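Structural characterization, general
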Amino acid sequence: MQILITKQELLQQVEACKRQGKTIGLVPTMGALHQGHASLVKRAVVENDVCFVSVFVNPTQFNNKEDLAKYPRNIERDAKLLESIGAHFVFAPTPEEMYTAEEMNTTFQYDFEGLDKVMEGKMRPGHFNGVVQVVSRLFYLVQPTRAYFGEKDFQQLAIIHQMVERSKLKDTFGDLTIVDCPIVRQADGLALSSRNERLTEAEKKLATNIYRILKESVESAKKGYSVQAIEKQVTDAINAIDGLEVEYYEIVDQSTLMPAKDFTHAIGCVTVYCGPVRLIDNIKY
Ligand code: PAF
């Protein structure tokens, strides 16, 4: 496995792969890798001739400086994990390598056609502008055949699908396929996340209630409760647990992310503060 720091090093490897007609799988990450990321990388290794993983804590997608400073980083541990599961190249640039000073200080402009106005986008203004900025840049640089993203960040995935569909019209990313990968959970239900590293053992236990309550809500939906009733049920049940606080729970259409009228093609997306740590999760109905 080779670690590439500069865009030039990356482009040399990508060009060599393209010359040899190899298919390329890309797994974009911000590091602090766990088994959820590993599941994406393993799939990319199996489905493509070559697997590139980017490890880059993208400053332009953090609307909170403290969150950026506290984001866990451990490139040595990440590299060991990636090597052990067969990744071929790790692209780990510095912010200066990725962006000009001007790009770092201005919000990337992009028309989300409303997908950024709800849930994470509403709570974290500018967040998805930074995500689209970095992901589209990685797509240009790596020219992947397939790119792998986890369903835990469901809104991000919907936005990336929209971006690629739209760019296909303009033939920007060629025949790129976005591969949706299911959430990986601990045995107790907690969705794996780099942010879990910041939870105490007691907080980790508390956080397992999130998925338990989401699962219970699917049973209530089957019994005929309305969307609004389930939104309230989930929010109240999580807030009733000392140490957990819901920021939002919204049941939306999986494609448009607009409020769901019923449970057809619906997904419930939740953000919960567990102590100081902001966790997200979701469940399909
Ligand atoms: O999901 C993430 O880890 C990030 O948002 C991504 C897609 C790697 C872009 O920085």
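Considering the overall build of the protein
Across its full length, the protein carries eleven helices and nine strands. Against the globule reference of 19 Å for 285 residues, the protein gives a C-alpha radius of gyration of 19 Å, in line with a compact fold. Projected onto its principal axes, the C-alpha positions of the protein cover 55 × 45 × 40 Å. Counting only residues that meet the buried cut, the protein has 53% of its 285 residues in that class. Taking as baseline every contact in the protein between residues at least 6 positions apart, the subset at least 24 positions apart corresponds to 72%. Split by element, the accessible area of the protein, about 13600 Å² in all, is 52% carbon and sulfur.

Topic: the sheet that holds strand β9 (residues 277-284)
Two modes of strand pairing occur in sheets, parallel and antiparallel, and in both the strands are linked by backbone hydrogen bonds. Spatial ordering of the open sheet is given by β7-β8-β9, a layout of three strands whose pairing is antiparallel. Every other strand in the sheet has two partners, leaving β7 (244-253) and β9 as the edge strands with one partner each. The mean angle between the axes of side-by-side strands here comes to 15°, regardless of whether they run parallel or antiparallel. Relative to strand β8 (residues 266-274), β7 runs antiparallel, the two sharing nine bridges. Considered in β8, the bridge of leucine 244 is made with cysteine 274.

Notes on the packing of aromatic side chains
This model, assessed by the stated rule, comprises eight aromatic pairs. Geometrically, the ring pair formed by phenylalanine 62 and tyrosine 71 is edge-to-face, given 5.6 Å between the ring centres and 75° between the ring planes. Neither residue differs from the other here; phenylalanine 62 and tyrosine 71 are each classed as buried. Between phenylalanine 263 and tyrosine 285, the aromatic rings sit 5.0 Å apart at their centres with planes inclined by 50°, giving tilted as the arrangement. Within this pair, whereas phenylalanine 263 is found in the loop between β7 and β8, its partner tyrosine 285 is found in the segment after β9, the two being separated by 22 residues in sequence. Through a chain of ring-to-ring contacts, the aromatic side chains of Phe139, Tyr140, Phe149 and Phe173 assemble into a single cluster. Sitting above the plane of the tyrosine 211 ring, arginine 185 keeps its charged end 3.4 Å from the centroid.

Some thoughts on unusual backbone geometry
The residue methionine 119 is not glycine, and still its phi comes out positive at about 45°. According to the relative accessible area criterion, methionine 119 is buried, its value standing at 1%. The phi dihedral of glutamine 143 is positive, around 45°, even though this residue is not glycine. Its place among the elements puts glutamine 143 in the loop between α8 (127-142) and β5 (146-150).

Regarding the side chain of arginine 195
As for its placement among the helices and strands, arginine 195 is situated in the loop between β6 (177-181) and α10 (201-222). Within the structure, the side chain of arginine 195 is placed 3.1 Å from the side chain of aspartate 67, a separation counted as a polar contact. Apart from residues no more than four positions distant in its own chain, arginine 195 is found in contact with Asp67, Tyr71, Arg124, Val277, Arg278 and Leu279.

Things to note about the environment of glutamate 76
By the element assignment, glutamate 76 lies in helix α4 (residues 75-84). Accessibility expressed as a relative area gives 58% for glutamate 76, which makes it exposed. The spatial distance from the C-alpha of glutamate 76 to the C-alpha of alanine 32 is 10.0 Å, given a sequence separation of 44 residues.

Focus: the environment of alanine 207
Turning to its location among the elements, alanine 207 is positioned in helix α10. Between the C-alpha atoms of alanine 207 and tyrosine 273, which are 66 residues apart in sequence, the distance is 9.2 Å.

Here we look at the packing of α10 against helix α11 (residues 227-239)
Their axes nearest at 10 Å, the elements α10 and α11 cross at an angle of 155°. With respect to each other, α10 and α11 are oriented roughly antiparallel. The crossing of α10 and α11 is right-handed. Residues Ile210, Ile213, Leu214, Glu216, Ser217, Ser220 and Ala221 of α10 touch α11, and the partners they reach there are Ile230, Gln233, Val234, Ala237 and Ile238. Grouping the amino acids of the contact of α10 with α11 by side-chain chemistry returns eight nonpolar, three polar and one charged.

What counts, and at which threshold
Residues numbered from 1 in each chain as written. Predicted model: local features only at pLDDT ≥ 70, side-chain atom pairs only at ≥ 80, totals over all residues. Heavy atoms only, no water. Helix = DSSP H or I, 4+ residues; strand = E, 2+ residues; numbered from the N terminus. Rg over C-alpha atoms; globule rule 2.2 N^0.38 Å. Buried < 20%, exposed > 50% of the residue type's maximum accessible area, 1.4 Å probe, protein only. Contact = heavy atoms within 4.5 Å. Areas by Shrake-Rupley, 256 points an atom, 1.4 Å probe, with all protein chains shown as cover. Pairing = 2+ DSSP bridges. Axes fitted to C-alpha atoms, helices over the stretch in contact; angles between N-to-C directions. Phe/Tyr/Trp six-rings, centres within 6.5 Å; stacked < 30°, edge-to-face > 60°. Lys NZ or Arg CZ within 6 Å of the ring centre and 35° of its normal. Polar contact = N/O pair within 3.5 Å; in protein donor to acceptor, adjacent residues only side chain to side chain. Parallel < 35°, antiparallel > 145°, perpendicular 65-115°, else oblique. Left-handed = near helix turned anticlockwise from the far one by under 90°. Nonpolar A, V, L, I, M, F, W, Y, C, P; charged D, E, K, R; others polar.

In short, the description is geometric, and any link to function would need to be established separately.
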